[in-house]
Amino acid sequence: MEAAALPVAGKVPLDRDGGPRSRRSGHEPERFQESALAALAAVSSYLDSDDDLPGFFGRLSATMADLSRARRAAFWRLGPRGTLTLQPTPFGFADDSPVYGVRLQLGAAGEGVIERVVFEDQLDLVRGTAPALDATWRESGLRDIKSSIAAAWIAGERRIGAVVVYDSPHGFTLNDLGVLRLVGMATGLVWQYKESEDELGHTAVRLEAAMSARRHLLNNIAAGGDEARRRFASALHDDSLQLLTGAELQLERIRTDPNGNHQVQLDQLRNTLRKVEDSLRRLLTNVSPEPLQLPSDMREAISERLESMRVRAGIEPHIDIRLSEEVPQAIQAIALKNISEALNNVEKHAHATRVTVVAETVDGGVRVEVRDDGTGFVVAESVRVPGHIGLVAMRERAQLAGGWCRIQSEPGNGTKVEFWVPRSL
Ligand SMILES: Nc1ncnc2c1ncn2[C@@H]1O[C@H](COP(=O)(O)OP(=O)(O)OP(=O)(O)O)[C@@H](O)[C@H]1O
Ligand SMILES: [Mg+2]
């Protein structure tokens, strides 16, 4: 298979048949430098090309052959069981060449020429070739190989394989070997980079799976409104409705008993109605409000909740809601649940005289602060009290949404609950 040489950056003068000019005459170190630069530019060009791996190795092999005036070039890769196989695609071999079937099994003793190349990067050059290497190819069925040199394909300590050029009409030089070694090292680094990139790709896929599981979980949590509705319905049924039925019965008794002591009966009825009222108020405070559609609804929900706290417990409310953008419903649901729990705690535990709720859109999310001037408590002692899950649930809800929640308090100094959730799940 034919492959065009990789575009070579930098200034490598080319002669008419495409090879670097004056390569076999003139000043040696200068020529080495030119070839080395051209080879490195060819390797690194892969980093910003769209080449697939066979395409890249095909073009890099063509460049290698070009720079060392070889007829063919190939990369050989070391497998996990010590077998060297061809890395697609080599340059200069016919499609039916036996090279594609060659498997070189490296010996455990490490004394062969291939072992020396791969593990020590050493090769003896005799009259423009490495005779021991040539013999290896011929033994493997590549009978027409006349000359060859090879260098290790490595990334740091890691041995990836070997890079080989074959058949130079004028014989290979030490310069050619030097350039080959550079290519072996540079290709190793690119290879390692590619592997890390793949690994990163896999990690990204795993992360996406975790994110989707998180979104799923979060949707379930946000849908917890259904659960709240069910609790509301059964509490309403078991408590308030039964009391109302009792009140109806009492009223009926008054109506049908013209001789009864109406004063006593009316007092009883008033007591029952008070109980109904209490029971309904209990429901109002214990069940989370339904998730609301718009920021203005969120403000309304918070205001109503604060007002009922003021009436019931005499806690003076302060409210500061600055939600500039529309907050998605799922995020509102989470924010309202956390606010509701924080306010429940203020009412139940704090003996506060003032409570402040601040909500604002910040850093691509919603930040909420609930502060009270009550008794305060030791946070570390209270976050894991068995059977009391309010604080833990607040933190979990925020974290599951990709945000955070901080609780600051100390005895005698009030409490501040602060959380932030991103706008997008
Ligand atoms: N604002 C507050 N002021 C004073 N103490 C508080 C406040 N918030 C929480 N606490 C203390 O922290 C404890 C744990 O709170 P948490 O919300 O986890 O549980 P709870 O309110 O007791 O029960 P529930 O599981 O119903 O929420 C409370 O029992 C209380 O002692
Ligand atoms: Mg609580």
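This text follows the structure it describes.
With that settled, consider the sheet that holds strand 8 (residues 365–372). Read across the open sheet, the five strands follow the order 6-7-8-10-9; overall the sheet is mixed. The sheet is open, and its two edges are formed by strand 6 (316–322) and strand 9 (404–409), each paired on a single side. Within the sheet, the average angular offset between the axes of one strand and its neighbour, ignoring direction, is 10°. Helix 11 (residues 390–400) rests against strand 9 and strand 10 (415–422) of the sheet, and its axis sits at about 150° to strand 9.

Right, let's get into the coordination of the magnesium ion (ligand 2). Here the magnesium ion (ligand 2) is held by Glu-341 (OE) and Asn-345 (OD1), and the distances to it run 2.1 Å. Remark: Asn-345 and Glu-341 occur in helix 9 (residues 329–350); sequence separation between them is four residues, near one turn of the helix. Classification of Glu-341 as buried rests on a relative accessible area of 18%.

This part covers the site of ligand 1. Around ligand 1 lies a shell of 15 residues, among which Asn-345, His-349, His-388, Ile-389 and Leu-391 are the nearest. In the model, an oxygen atom of ligand 1 is placed 2.8 Å from a nitrogen or oxygen of the His-349 side chain. Interatomic distance of 3.2 Å between a backbone N/O atom of Gly-390 and an oxygen atom of ligand 1. Taking 590 Å² as the accessible area of ligand 1 by itself, protein coverage stands at 83%. When residues of the shell around ligand 1 are traced back to their parent elements, those giving at least two are helix 9 and helix 11. It is helix 9 that contributes the most residues to the shell around ligand 1, five residues altogether. Among the residues making up the shell around ligand 1, the classes are represented as four nonpolar, eight polar and three charged.

Conventions adopted
- Residues numbered from 1 in each chain as written.
- Chains lettered and ligands numbered in written order.
- Predicted model: local features only at pLDDT ≥ 70, side-chain atom pairs only at ≥ 80, totals over all residues.
- Heavy atoms only, no water.
- Pairing = 2+ DSSP bridges.
- Helix = DSSP H or I, 4+ residues; strand = E, 2+ residues; numbered from the N terminus.
- Axes fitted to C-alpha atoms, helices over the stretch in contact; angles between N-to-C directions.
- Contact = heavy atoms within 4.5 Å.
- Donors = N, O, S within 2.8 Å, 3.2 Å for Na, K, Ca; no water.
- Buried < 20%, exposed > 50% of the residue type's maximum accessible area, 1.4 Å probe, protein only.
- Near = heavy atom within 4 Å.
- Polar contact = N/O pair within 3.5 Å; in protein donor to acceptor, adjacent residues only side chain to side chain.
- Areas by Shrake-Rupley, 256 points an atom, 1.4 Å probe, with all protein chains shown as cover.
- Nonpolar A, V, L, I, M, F, W, Y, C, P; charged D, E, K, R; others polar.

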